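Overview (structure and organization)
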Amino acid sequence: MFTLRALISGQDLPLWRRGTETGLAPWTTATFEVREGGAISTNWMIRRIECIGATSNYFAVPYTRLPNRNGRLEAGFSKVLWPDEPDWNLTAEFVRTSGYAEADLWTLREVPVSRTNSAVVTNFVAAIHGDIAAQLTLKPASLQSAAENGYLRTTDLGLRFTSSVPEMRVELARVTDNRGRELKFGNGYALWPHTGPNGHYVAGMELAPDTQSIDVTFAFQRPRFVTFVVKPTFVRTNFDSAFPPASK
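What counts and what doesn't
- Residues numbered from 1 in each chain as written.
- Predicted model: local features only at pLDDT ≥ 70, side-chain atom pairs only at ≥ 80, totals over all residues.
- Heavy atoms only, no water.
- Phe/Tyr/Trp six-rings, centres within 6.5 Å; stacked < 30°, edge-to-face > 60°.
- Helix = DSSP H or I, 4+ residues; strand = E, 2+ residues; numbered from the N terminus.
- Buried < 20%, exposed > 50% of the residue type's maximum accessible area, 1.4 Å probe, protein only.
- Pairing = 2+ DSSP bridges.
- Axes fitted to C-alpha atoms, helices over the stretch in contact; angles between N-to-C directions.
- Salt bridge = Lys/Arg side-chain N within 4 Å of Asp/Glu carboxyl O.
- Core = buried A, V, L, I, M, F, W, Y, C linked by side-chain atoms within 4.5 Å.
- Contact = heavy atoms within 4.5 Å.
- Polar contact = N/O pair within 3.5 Å; in protein donor to acceptor, adjacent residues only side chain to side chain.
- pLDDT = per-residue confidence, 0-100.

Throughout the structure, instances matching the rule amount to eight aromatic pairs. Look at Phe 32 and Phe 228: their rings are 5.8 Å apart centre to centre, the planes differ by 50°, and that puts the pair in the tilted class. On the criterion of sequence distance, the pair formed by Phe 32 in strand 2 (residues 27-36) and Phe 228 in strand 17 (residues 224-230) is long-range, its members being 196 residues apart. Looking at Phe 228, the relative accessible area reads 12%, which means it is buried.

Given below as structure tokens:
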């Protein structure tokens, strides 16, 4: 079950976004919760939010990776939710990050790779969800490549794919090397725009110094699109004094 717990607009721009946002639009926070079998689930994240107002105002916000914090997904954005709109259709795109169904998993085996080699590019067809044509690229991580969750990012992974099933998404589910070791990975995100049958996904991995080949398991999945009919709670901030309402 997907629940929108709170939608608050009119907040001050967070400190961590100052310098990257104009601040002309007030900050809005949407807080979601996912439950499976009655229990809070931490196996989901949000990739995109889309809003359509009753008078046809529209905006969309893609997220590279919105973290799940103990079952709560908090999405922030600086888009105008006009107070005079009677309601909004807010659609959130949810995808799994773990606990995948076996029918969604596909493994490409024995891909030759090492920490220091030049780029490896290979094409393959995954016999899953009506066949998915894909191209995998592995290359040494660039200096600009970020890392998270305490792993050393040695390698950048890129996957471009075309699916006969619309709106297919992919996540990196597992990586093992030729010695049977589980390798660390992270920072997976979809590159936008993601339209039609095509997808582009990137992630980072940590190869061991003696890794010679890897088995890479991908989770191909259809996202869950959940639409909430909402009217946000508006709060008064310094934004109101800077932009007072027009006189009638």
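Another point: the sheet that holds strand 15 (residues 198-205). Taken together, five strands build an open sheet; the order of strands is 10-11-12-15-14 and the sheet is antiparallel. The open sheet has two free edges, formed respectively by strand 10 (120-126) and strand 14 (185-190), since each of these has just one partner strand. Recorded for the sheet is a direction-independent mean angle of 20° between the axes of neighbouring strands.

Before going further, it helps to examine the sheet that holds strand 16 (residues 213-221). With antiparallel pairing, the three strands of this open sheet are ordered in space as 9-16-13. For this open sheet the edge positions go to strand 9 (105-112) and strand 13 (169-177), each flanked by a neighbour on one side alone. For this sheet the average axis-to-axis angle between neighbouring strands, irrespective of direction, equals 25°. Note that strand 9 and strand 16 share six bridges and pair antiparallel. Bridge pairing in strand 16 links Leu 105 to Ala 219.

Pairing is possible between side chains that carry opposite charge, provided their charged atoms lie close to one another. Scanning the entire structure with this criterion turns up 14 salt bridges. In this structure, Glu 33 and Arg 5 form a salt bridge, with 2.7 Å as the shortest nitrogen-oxygen distance. One end of the pair, Glu 33, is in strand 2; the other, Arg 5, is in strand 1 (residues 2-11), and 28 residues separate them in sequence. Judged by its relative accessible area of 44%, Arg 5 falls in the partly exposed class. Salt bridges linked by common partners bring Arg 5, Glu 33, Arg 35 and Arg 72 together as one network.

Quick look at the nonpolar core now. Judged by nonpolar contacts, the single largest core of 28 residues is most densely connected at Ile 214, Phe 218 and Phe 220. Setting aside its immediate chain neighbours within four residues, Phe 218 contacts Asp 104, Leu 105, Trp 106, Phe 124, Leu 136, Leu 157, Leu 159, Val 170, Glu 171, Leu 172 and Ala 173. Among the nonpolar cores identified, the runner-up in size contains 27 residues, and Ala 30, Cys 51, Leu 66 and Leu 81 belong to it.

By the secondary structure assignment, Arg 169 is in strand 13. Within the local environment of Arg 169, its side chain forms a polar contact with the side chain of Glu 93, the two groups lying 2.7 Å apart.

Quick look at the pairing of strand 4 (residues 44-53) now. Taken across its 10 residues, strand 4 has seven buried, putting it largely inside the fold. Here strand 4 pairs with strand 8 (residues 88-96) via nine bridges, running antiparallel. Residue pairing for strand 8: Cys 51 is matched across the bridge by Leu 90.

Take the pairing of strand 7 (residues 72-77) next. Note that strand 2 and strand 7 share six bridges and pair antiparallel. Residue pairing across strands places Thr 28 opposite Phe 77, the latter belonging to strand 7. Here strand 6 (residues 68-69) folds back onto strand 7, and the loop between the two strands holds two residues, one of which, Asn 70, carries a positive phi near 55°.

Of note, Ser 98 is situated in the loop between strand 8 and strand 9. Sequence separation between Ser 98 and Asn 43 is 55 residues, and the spatial gap between their C-alpha atoms is 5.3 Å.

Another point: the environment of Asn 198. By the element assignment, Asn 198 lies in strand 15. With 37 residues separating them along the chain, Asn 198 and Phe 161 place their C-alpha atoms 5.8 Å apart. Not counting residues within four places of it along the chain, the set of residues in contact with Asn 198 comprises Phe 161 and Thr 162. A polar contact of 2.9 Å, which involves the side chain of Asn 198, links it to the side chain of Thr 162.

Glancing now at the confidence of the model for the protein chain. Of the residues in the protein chain, 85% have a pLDDT of 70 or more, and the chain-wide mean is 84. Across residues 239-248 the pLDDT falls below 50, and counting only partners more than four positions away or on other chains, this stretch makes seven contacts in the model.

Relative to the helices and strands, Thr 211 resides in the loop between strand 15 and strand 16. Note on Thr 211: relative accessible area 2%, which makes it buried. Within the structure, the side chain of Thr 211 is placed 3.0 Å from the side chain of Asp 177, a separation counted as a polar contact. What Thr 211 contacts, discounting residues up to four positions off in sequence, is Val 113, Ser 114, Asp 177, Asn 178, Arg 181 and Leu 183.

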